[in-house]
Amino acid sequence: METGQSQDTNTSSRIIPGQMRKIRIAGAGPSGLTAAINLAKAGYEVEVFEKATDVGKHLKGGLQGLENWSDKKSISDELREMNLGINFDLDPFYNFTVSNGRKNWDFEADPETPAFYLVKRGSVPGSLDYGLKEQAIQNGVNIRFQEKVSLEEVDIIATGPVKNETFIVAKGISFDTSMEDMAIAFVDDKAAYLGYSYLLVTKGSGCMCTVLCDHFNDVGNCLENTKRIFSCMVDLDIQNPRPDGGIGSFSLDCHFESNGRMYVGEAAGLQDMVWGFGMRSAMRSGYLAARNIIYGGDYDRSATEHFQNKLKASLVNRYIWERFGTRNYSMIFDVLKGTRNPPKYMQSFHNFNQIQKLAYPFAIRKMRKRYPDLRL
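Residues numbered from 1 in each chain as written. Predicted model: local features only at pLDDT ≥ 70, side-chain atom pairs only at ≥ 80, totals over all residues. Heavy atoms only, no water.

### Topic: the state of the cysteines
Consideration 1: Enumeration according to the criterion identifies 0 disulfides in this entry.
Consideration 2: The thiol of Cys213 is unpaired, and the distance to the nearest cysteine sulfur, on Cys222, comes to 11 Å.
Consideration 3: Overall, the relative accessible area of 1% leaves Cys213 in the buried class. (Disulfide = S-S within 2.5 Å. Buried < 20%, exposed > 50% of the residue type's maximum accessible area, 1.4 Å probe, protein only.)

### A word on unusual backbone geometry
Consideration 1: In the Ramachandran plot, Asn83 falls in the positive-phi region, its phi being about 65° despite a non-glycine side chain.
Consideration 2: With respect to the helices, strands and loops of the structure, Asn83 is situated in the loop between helix 2 (75–81) and strand 4 (91–93).
Consideration 3: Located in the positive-phi region is His215, a residue other than glycine, with phi close to 50°.
Consideration 4: Relative to the assigned elements, His215 resides in the loop between strand 13 (205–212) and helix 4 (219–233).
Consideration 5: Relative accessible area serves as the criterion here: at 36%, His215 is assigned to the partly exposed category. (Helix = DSSP H or I, 4+ residues; strand = E, 2+ residues; numbered from the N terminus.)

### So, a nonpolar patch on the surface
Consideration 1: The grouping of Phe324, Met331, Val335 and Tyr345 at the surface amounts to a nonpolar patch, some 310 Å² of accessible area in total.
Consideration 2: On the secondary structure map, Met331 appears in helix 7 (residues 326–337).
Consideration 3: Of the residues examined, Met331 reaches a relative accessible area of 32% and is grouped as partly exposed. (Patch = residues over 30% accessible without salt bridge, like charges linked within 9 Å, V, L, I, M, F, W, Y side chains within 5 Å. Areas by Shrake-Rupley, 256 points an atom, 1.4 Å probe, with all protein chains shown as cover. Salt bridge = Lys/Arg side-chain N within 4 Å of Asp/Glu carboxyl O.)

### As for the pattern of salt bridges
Close approach of charged atoms allows side chains of opposite charge to pair.
Consideration 1: According to the stated counting rule, one finds 24 salt bridges in the structure shown.
Consideration 2: With a closest N to O distance of 2.9 Å, Arg370 and Asp214 form a salt bridge. Placement of the pair is Arg370 in helix 9 (residues 354–370) and Asp214 in the loop between strand 13 and helix 4, with a sequence separation of 156 residues.
Consideration 3: Residue Asp214 is classed as partly exposed on the basis of its relative accessible area of 25%.
Consideration 4: A single salt-bridge network, built from bridges that share partners, covers Lys22, Arg24, Glu45, Glu47, Arg144, Glu147 and Glu153.

### Some remarks on the packing of aromatic side chains
Consideration 1: All told, the structure shown has 19 aromatic pairs when counted by the stated rule.
Consideration 2: With a centroid separation of 5.5 Å and an interplanar angle of 15°, the aromatic rings of Phe93 and Phe116 are classed as stacked. Note that Phe93 is positioned in strand 4 and Phe116 in strand 7 (residues 116–122), a separation of 23 residues in sequence. Across the pair, exposure class does not vary: Phe93 and Phe116 are buried alike. (Phe/Tyr/Trp six-rings, centres within 6.5 Å; stacked < 30°, edge-to-face > 60°.)

### Regarding the nonpolar core
Consideration 1: In terms of nonpolar packing, the biggest core is built from 103 residues, with Ile25, Leu39, Val46, Ile156, Leu315, Phe333 and Leu376 touching the most fellow members.
Consideration 2: In terms of residue count, helix 6 (residues 299–323) provides more of this core than any other element does, 9 residues in total.
Consideration 3: If near-sequence neighbours (up to four positions away) are discounted, Leu315 is found in contact with Leu252, Met273, Tyr360, Ala363, Ile364, Met367 and Leu376. (Core = buried A, V, L, I, M, F, W, Y, C linked by side-chain atoms within 4.5 Å. Contact = heavy atoms within 4.5 Å.)

### Regarding empty space enclosed by the protein
Consideration 1: Within this structure, the stated rule accounts for 1 cavity of 30 Å³ or more.
Consideration 2: Its volume calculated, the largest cavity comes out at about 270 Å³.
Consideration 3: Residue lining of the largest cavity: 17 residues in total, with Glu67, Ser70, Ser281, Lys310 and His350 positioned closest to the centre.
Consideration 4: Put simply, the parts of the chain that give the lining of the largest cavity at least two residues each are helix 5 (279–295) and helix 6.
Consideration 5: Here the element with the most residues in the lining of the largest cavity is helix 6; it accounts for 5 residues.
Consideration 6: Of the residues that constitute the lining of the largest cavity, the class distribution is 4 nonpolar, 6 polar and 7 charged. (1 Å grid on protein atoms, 1.4 Å probe; cavity = no way out; pocket = protein on both sides within 12 Å on 5 of 7 lines; lining within 4 Å. Points joined across faces, edges and corners; volume = space filled by probe spheres on them. Nonpolar A, V, L, I, M, F, W, Y, C, P; charged D, E, K, R; others polar.)

### Topic: the sheet that holds strand 8 (residues 142–145)
Consideration 1: Pairing in this open sheet of 6 strands is mixed, and the strands run 8-2-1-9-16-15 from one edge to the other. Looking along the sheet, the strands with just one partner apiece sit at the ends: strand 8 and strand 15 (257–258).
Consideration 2: Here 4 bridges tie strand 1 (residues 23–26) to strand 2 (residues 46–50), and the two strands are oriented parallel to one another. From the neighbouring strand, Arg24 faces strand 2, where its bridge partner is Glu47.
Consideration 3: Set on the sheet, helix 1 (residues 30–41) makes contact with strand 1, strand 2, strand 8 and strand 9 (156–157); between it and strand 1 the angle comes to about 165°. (Pairing = 2+ DSSP bridges. Axes fitted to C-alpha atoms, helices over the stretch in contact; angles between N-to-C directions.)

### What about the environment of Ile75?
Consideration 1: Here Ile75 shows up in helix 2.
Consideration 2: Distance from Ile75 to Ala42, taken between C-alpha atoms, is 23 Å for residues 33 residues apart in sequence.

### Observations regarding the packing of helix 1 against helix 5
Consideration 1: In contact at an axis separation of 7 Å, helix 1 and helix 5 are set at 35° when each is read in the N-to-C sense. Crossing of helix 1 against helix 5: the hand is right-handed. Side by side, helix 1 and helix 5 meet where Pro30, Ser31, Thr34, Ala35, Asn38 and Leu39 of the first sit next to Ala282, Met283, Ser285, Gly286, Tyr287, Ala290, Ile293 and Ile294 of the second. (Left-handed = near helix turned anticlockwise from the far one by under 90°.)

These figures capture arrangement, not role.
Printed below as a string of structure tokens:
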């Protein structure tokens, strides 16, 4: 499937509301399937083209986080609002630890509100991908696996990260384990340059990855350092290891529509520039695209209104992370730990607060020089 196509804002061929014609979607990731499910429930005939043999084929059952701190609305409420059932593993986590090797920070969320949920990714039972696929098929969506399609022939483009706009690379392993549930992040440039490493375990499944925001050629060495570091922190039990990882792309200059076609998820440039939490935005964008087809709204306008400030906040957060990450990011986590409610404090920093608005002119100037390949 083609990705990274040049985009313009000519929407003369956009879908006419009320036309119950066939909708064609490129890509069977969370954004594409969310759009497909909503359209099918509204009575549209939907075809999804996926070049792989199954959903999430490049993933191997690894664990990823659905954060609860980026919006006032909880994940469970948002899934229901987007007409998605929870037929996949969705494990709540209230506690997590961040370490830089010299100091540990233990964070606890409100007992009634998880900090985040862990979900499995890939073509494995219980995964988010399998759950969304099942919901799509049950609602009559025709998923055409191992079929490529020209992007000029589709209505919604959900083809994932744009390779020439990559800002983040992850590499690691997923595995079976007898370890207790845990969530640990490690921040050290030798283990993850300008990023972080993580060890996640839930219900007998584990995932260990390094996430880099530069020096991508060092990802192999960083992963070895990550394994060594975590083996010193906890008693590792790794069974049946499988390679895991991926890339992430980001754009501040998102064109959500081009020639009547809608871009969703990372194909539109939606991603978190610090931690790489992109699933929530991906599904929301798929929902917005479907909703605007069904009810005749302006997807480009509604997506811009929903995401623009979040993207600006994300860019400022990346600037803060790199500018003030002195002493192995101690200052950042000391500040976060000193707040009364860290998840609520983080929520403010995902929605373009007053501090970020003041910092934005400096951040955008710095980040444009720092990441010249990105549309900032």
